[in-house]
Amino acid sequence: MMSTTPQLRRPGVLIAAGAAVALTLAACSGGADPGGDGGTTPVTIWHGFTEADGDVVAQLAEDFNASQDDYEVTIEVNPWNVITDKLLPAISAGNGPDLVVQPADAGEGYVNQGVFVPMDDFYADPENETDTYYPHVVDYATFDGTHYAVPMAYGPFSVWYNTEMFAAAGITEENFPTTWEEWIAVAEQLTVDSNGDGTPEIYGLALPDADGTFLPSFVQAGGGSVYTDGEVTLDTPQNVETLQWWQDAYEGGWGPTNVTLPEAVDLFKAGKAAMTVIGPWIITGAESVGLDIDVFEMPAGPDGIVTQAAANYWWLTSQADDGATAGAEAFLRYYNSHDAQVLWAEQSFYPPNRTDIAADAIADTPFVGTMIAHTENAYIRLYGIPGGLTDVNAELSALNTTVSQGGDVAVATTETAATITEILSRFE
Amino acid sequence: MTSTTSSSARVATLASRTPRRGGSAVRATRVLRQFGVVPGLLVFAALTSLPVLVVVLGAFSPESEVLSWPPNFIPSRFTLENFDGLTARVPVLLQSWNSLVFAGVVTASALVLNSLAAYALARIEFRGRIAIFTVLIAIMMVPFQALLVPIYQMVSALGWVNTLAGLVIPRAADVAGIFLLRQFFITLPRDLDSAARIDGAGELRVFWSIVLPNAKPALLTMALFHFVGNWNDLLWPLIMTSDSSVRPLTAGLALLTGSATGVAPYGVMMAGSLVAIVPLVVLYLIVQRRFIEGVAMTGMKG
Amino acid sequence: MTSTTAGPTYRAPRRLGGGGPRPDNSRQIASRERGRTLRATAFLIPALAVIVAFVLIPAILALRLSFTDASGFGEASWIGLDNYVSVFSDPATVRAIVNTMLYAAMYGPLVIAVGLGAALLLNRKDVPLRGFFRTIIFLPFVISMAVASLAWGFLLDPNLGLIPYWLGGLGIRMGDVFASTTWALPAVTAVAIWKSFGYFMVIFLAGLQGIPRYLYEAAILDGAGAWRQFRAVTLPGLRSTMTFVIVFAIIGAFQAFDQIYIMTQGGPDRATETIVYRIYTDGFRDFRMGFASALSYVLLAITLLLGLIQLRVGTKREKDLE
């Protein structure tokens, strides 16, 4: 290619041009200007709620901002995993939130690192009406006697069922299963395998096993636990008995194996399973596919009703100075106030955080009233684990698949307990 | 391989002596290959694009049919409701524009900076070029996850968090692009520029009017990869920005997955994915055509 | 001038005049070299400024972190080589290293072979609808990993997916391949190959088009068949492209993360945990930022060793070509 006639340009021009571009870009700062109109203290909040839940939080924040002149709440929504990625560096650099939503199990790790700070003052002030909170929900956010977080969303996992299939099988409220035995019996009854090939077309109950989601609650309902008071308590004869019960139950063929929680729920939504266990957020999901569902409480194991809760809390970060802290507390008082909580329950389908809201106050919203009762027996999964949650979950998943697919339960339990102990020893 | 002059001489002797395989045998194998190639390619293309088809068809399926039982590829009815759902949840136009700006600016600046650096490393024989090159390659081997926090700290120290500068400038040049272009610049024949140098052209002139025009395939390739890579990048923009009005489309789509299990609106997610893919496909098609032109050019080269 | 391998042999004419005793031009040579260095610097500075500021310095900061017990927040104290020792004594980390090597051994050769094959095929004149096929084959690269894994998840879902359904119709029972400790890693590798071979195909296409046509014509005149042409013209002509491709395949293989993060989260039972996945979970989930940095540098050492070997071989051959 022969040379055309370009203008001769010195390299300096290019570099200068580049610098000019860089400066222009720097000038066009795209960030939100913090600290709004004269005198309002900004309060930055991070959370990961989207769809209906996220909308309500945004609504409540807006209402709070409109209701007073001292503080202005700004919300940044990120996917949950991005919040985890971003939180520490951002707070270290001063760009983080004053208030952040996190589940209880993640929270403890942050407390130990000094990222989250005590909130005893909030609980001490009667104006905040913290006595209306559920005691066990508050306990989860209490470490060494100090309060570190405020309840934000506590969603119990209940059993959701396909109303059509239940009606066809003649199961009504009177004969909802209330124990594990009854539950599995119903599941077997609803399982459909018309071509007899061993793989049901319709499963009676879709429970996850590949991610070990419910293993801790099953163990607890059997009278034992995975981790209590700093000890790994998994390897006991009682727990082995509980898990053995489930292994025997799985032979009924009522449930899919090798499924994670999202996959189990997808089966349910696709009409391939009559029941599943999940939190209240299934309501919007079912609606979107036109599925008619209803709910009843998790059946009791040998030692009572134990189910899991998706528990999210508001945590105060070390970045928040006095002004931001005061603003955060004001917002939290507003968020957990009676009327705000009614709005929250109505639109997010989570039971309200207050015990003084009667079911008929939210009667118009389906199911929420029923689920309020379920909150009592809903516990936080693997509460108190000091760290290494990913690795611990990997171990529990392996144990769960042994339970659902076969293998020596006693041996697997011992091995899992040993590995978990070793993982957690890193965090002593 | 000897030079062309002696090659033609050898041709003369060869042609007269060696019986060439020709005629019907050659034609038969050619036809056979033809029959094998196209169906093979079709199968291969089908397998490769199956997931993309899932996305395309899913975008136009009603929510209840995206993941249903029994599974069906083609929905019972085509609908645009997912796109309505998409625009209701995600500021598609705004965030697409942000994606365009982000990916576009990064690509443009990387083209300039990377080609300059690659040229130096490939065409200027200066001491230390191999050393610098090796250090650059080594840098490429530190995984991004290890660098994320330190880079964030640097950007934050500069006060560039949540600004376009902070988003773009750390990406204004990168080793991968330099590497790619350098490898290509090296293949360009030296005597291309010797004529211009004899005429007294400076380094920059040689770079601009000789080397760059001949490197179109490589430049286009680099531009394509950069644009696609940055258009699809999720973590970096999310970490560097807080304001949803400056965030790219990937961020909006990531939030579509919903905050909890069972809520994910699959159909809407498919629609969003489709919207995100289309500009990239268009870009690829454009670059593709330039490739064909590139073939024509290099064919006449030398 | 000839060389032992086929390929363009170009050398700029050194002297235009004839022979005769050379005048002493060592000073001229020195100043010419200074001039070259100066020019090279000018060309390199913009890119290097960015890379030094935003890659090299952070890399050094990360290196410093690797010698501390940094958690990602708050104070960190110096602990010397403890993290590096832990890397090799921690069974989960060692497992991840092994997994990564297995992954790389599968991914590297395959992705290059498939990419090259596709490029060769789609560079030929006699293939119809080349543009169409090239676009289709490039599509996997263009969709994000999140979307790709969602789509593959739909296709392969053992209970609701199309592929098991179709296979079931043929009588083939297909389990959940991502839940099998034997097959999860190959499955994840396959997805990675599927997603990235288009990238390598495009690079090879660009490289192929850098090979002058007349070389092929000369080869054909010499009586070379397709295979001979490939060996004598194509492969040598792709040498510098191949260097890039191999280094990149190595880096891509050893830094495998996205598909594992999205599809298997390292499971089942750690079967798909790779080094970078451990770096991520240790650094961002388990408050072990110092350890994660150390692991990153171990990864760097492994990758660098392999990459340098390849580069040495590659640049030596390039020198032969010049």
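Residues numbered from 1 in each chain as written. Chains lettered and ligands numbered in written order. Predicted model: local features only at pLDDT ≥ 70, side-chain atom pairs only at ≥ 80, totals over all residues. Heavy atoms only, no water.

Quick look at the overall build of chain A now. A tally of helices and strands in chain A yields 17 helices and 14 strands. With the principal axes as the frame, chain A shows a C-alpha extent of 80 × 75 × 50 Å. Looking at chain A residue by residue over its 428 residues, the buried ones come to 54%. Across chain A, contacts joining residues at least 24 apart in sequence account for 75% of those joining residues at least 6 apart. Accessible surface computed for chain A: about 16,600 Å², of which carbon and sulfur atoms make up 50%. Of note, chain A has its 9 positive side-chain charges centred 19 Å away from the centre of its 62 negative side-chain charges. (Helix = DSSP H or I, 4+ residues; strand = E, 2+ residues; numbered from the N terminus. Buried < 20%, exposed > 50% of the residue type's maximum accessible area, 1.4 Å probe, protein only. Contact = heavy atoms within 4.5 Å. Areas by Shrake-Rupley, 256 points an atom, 1.4 Å probe, with all protein chains shown as cover. Lys, Arg positive; Asp, Glu negative; His and termini not counted. Charge placed at Lys NZ, Arg CZ, Asp CG, Glu CD.)

Before going further, it helps to spend a moment on the overall build of chain B. Assigned secondary structure in chain B consists of 15 helices and zero strands. Buried residues in chain B amount to 58% of all 302 residues. On chain B, roughly 12,200 Å² of surface is accessible, and the fraction owed to carbon and sulfur atoms is 67%.

Facing 106 residues of chain B, the contacting portion of chain C comprises 99 residues. Carbon and sulfur atoms supply 78% of the area buried between chain B and chain C, which totals about 9,700 Å² over both sides. The interface formed by chain B and chain C holds two salt bridges in total. One salt bridge connects Glu33(C) with Arg127(B), and the closest N-O pair in it is separated by 3.0 Å. Summed over the shared surface of chain B and chain C, the result is eleven residue pairs in polar contact (both at pLDDT 80 or more). Counting residues per element, the side of chain B that touches chain C draws most heavily on helix 2 (residues 24–59) of chain B, which supplies 16 residues. Within the side of chain B that touches chain C, the residues separate by chemical class into 77 nonpolar, 18 polar and eleven charged. (Buried area = accessible area lost by both parts, 1.4 Å probe. Salt bridge = Lys/Arg side-chain N within 4 Å of Asp/Glu carboxyl O. Polar contact = N/O pair within 3.5 Å; in protein donor to acceptor, adjacent residues only side chain to side chain. Nonpolar A, V, L, I, M, F, W, Y, C, P; charged D, E, K, R; others polar.)

A few words now on the UniProt feature "transmembrane region" (unreviewed entry) in chain B. Residues and elements named next belong to chain B. Under the present numbering, the feature "transmembrane region" (unreviewed entry) in UniProt falls on residues 37–60, 100–121, 130–152, 164–185, 206–228 and 263–287. Helix makes up 100% of residues 100–121 and strand makes up 0%, while its end C-alpha atoms are separated by 30 Å. For the annotated span residues 164–185, helix accounts for 73% and strand for 0% of the residues, and the straight-line distance between the end C-alpha atoms is 32 Å. (UniProt positions renumbered as here; feature names shortened; annotations may be inferred.)

With that out of the way, let us pick up unusual backbone geometry. All names here are of chain A. Unlike most non-glycine residues, Asn-258 shows phi in positive territory, near 65°. Mapped onto the elements, Asn-258 comes out in the loop between helix 10 (237–250) and helix 11 (261–269). For Asn-258, a relative accessible area of 18% puts it in the buried group. We note that Phe-367 has phi near 75°; this positive angle belongs to a residue other than glycine. Locating Phe-367 in the fold gives a position in the loop between helix 14 (338–348) and helix 15 (368–374). On the accessibility criterion, Phe-367 (18% relative accessible area) is buried.

Viewed as axis vectors pointing N to C, helix 6 (residues 129–140) of chain B and helix 1 (residues 26–66) of chain C meet at an angle of 35°, and their least axial separation amounts to 12 Å. Crossing of helix 6 of chain B over helix 1 of chain C shows left-handed handedness. Here Ile132(B), Leu136(B) and Ile139(B) of helix 6 of chain B come into contact with helix 1 of chain C, specifically with Leu44(C), Leu48(C), Ile51(C), Val55(C) and Leu56(C). In the contact of helix 6 of chain B with helix 1 of chain C, the residues fall into eight nonpolar, no polar and no charged. (Axes fitted to C-alpha atoms, helices over the stretch in contact; angles between N-to-C directions. Left-handed = near helix turned anticlockwise from the far one by under 90°.)

Our next topic: the packing of aromatic side chains. Enumeration according to the criterion identifies 71 aromatic pairs over all chains in this entry. When the centroid spacing of 4.9 Å and the interplanar angle of 85° are considered together, the rings of Tyr266(B) and Phe154(C) count as edge-to-face. Placement of the pair is Tyr266(B) in helix 15 (residues 266–299) and Phe154(C) in helix 5 (residues 145–156), with the two residues belonging to separate chains. Overall, the relative accessible area of 10% leaves Tyr266(B) in the buried class. (Phe/Tyr/Trp six-rings, centres within 6.5 Å; stacked < 30°, edge-to-face > 60°.)

Okay, helix 6 (residues 162–169) of chain C next. All of the buried residues along helix 6 of chain C are Leu162(C), Ile163(C) and Pro164(C). Gly171(C), located one to two residues past helix 6 of chain C, shows a positive phi value of around 90°.

Attention now moves to the pattern of salt bridges. Scanning the model with the defined rule gives 17 salt bridges over all chains in all. Taking the shortest distance from any N to any O, the salt bridge between Arg354(A) and Asp356(A) comes out at 3.0 Å. Of the charged contacts, one joins Arg278(C) and Asp391(A) as a salt bridge, the two residues approaching to 3.1 Å between their closest N and O atoms. Here Arg278(C) is found in helix 12 (residues 275–284), whereas its partner Asp391(A) is found in helix 16 (residues 389–405) on a different chain.

In total, this model carries ten cavities of 30 Å³ or more according to the counting rule given. In this structure, the second largest cavity occupies an estimated 180 Å³ of space. Val54(B), Glu65(B), Val66(B), Asn72(B) and Leu162(C) are, among the 17 residues lining the second largest cavity, the residues nearest its centre. At the level of elements, helix 2 and helix 3 (63–66) of chain B together with helix 5 of chain C are the ones that each hand at least two residues to the lining of the second largest cavity. For the lining of the second largest cavity, the element with the most residues is helix 2 of chain B, which contributes three residues. (1 Å grid on protein atoms, 1.4 Å probe; cavity = no way out; pocket = protein on both sides within 12 Å on 5 of 7 lines; lining within 4 Å. Points joined across faces, edges and corners; volume = space filled by probe spheres on them.)

A few words now on the environment of Val219(A). All names here are of chain A. Following the sequence through the fold, Val-219 ends up in helix 9 (residues 215–221). Spatially, the C-alpha atoms of Val-219 and Gly-290 are 35 Å apart, while their sequence positions differ by 71 residues. Every residue in contact with Val-219, bar those within four places of it in the chain, is listed here: Gly-224, Ser-225, Val-226, Asn-239, Thr-242 and Leu-243.

Let's shift gears to the side chain of Thr234(C). Inspection of the secondary structure puts Thr234(C) in helix 9 (residues 226–237). Once residues lying within four places of it in the same chain are set aside, the contact partners of Thr234(C) are Leu120(C), Leu208(C), Ile211(C), Tyr216(C) and Gln229(C).

The next thing to look at is the sheet that holds strand 7 (residues 158–162) of chain A. Residues and elements named next belong to chain A. The mixed open sheet is built from four strands, whose spatial order is 8-11-7-12. The open sheet has two free edges, formed respectively by strand 8 (203–206) and strand 12 (293–296), since each of these has just one partner strand. For this sheet the average axis-to-axis angle between neighbouring strands, irrespective of direction, equals 20°. Judged from the four bridges that link them, strand 7 and strand 12 form a sheet pairing that is antiparallel. Within the sheet, the bridge partner assigned to Val-159 lies in strand 12 and is Phe-296. Contacting strand 7, strand 8 and strand 11 (273–278), helix 8 (residues 180–190) runs over the sheet at an angle of about 145° to strand 11. Of the strands in this sheet, strand 7, strand 11 and strand 12 are in contact with helix 12 (residues 282–289), which crosses strand 12 at around 155°. (Pairing = 2+ DSSP bridges.)

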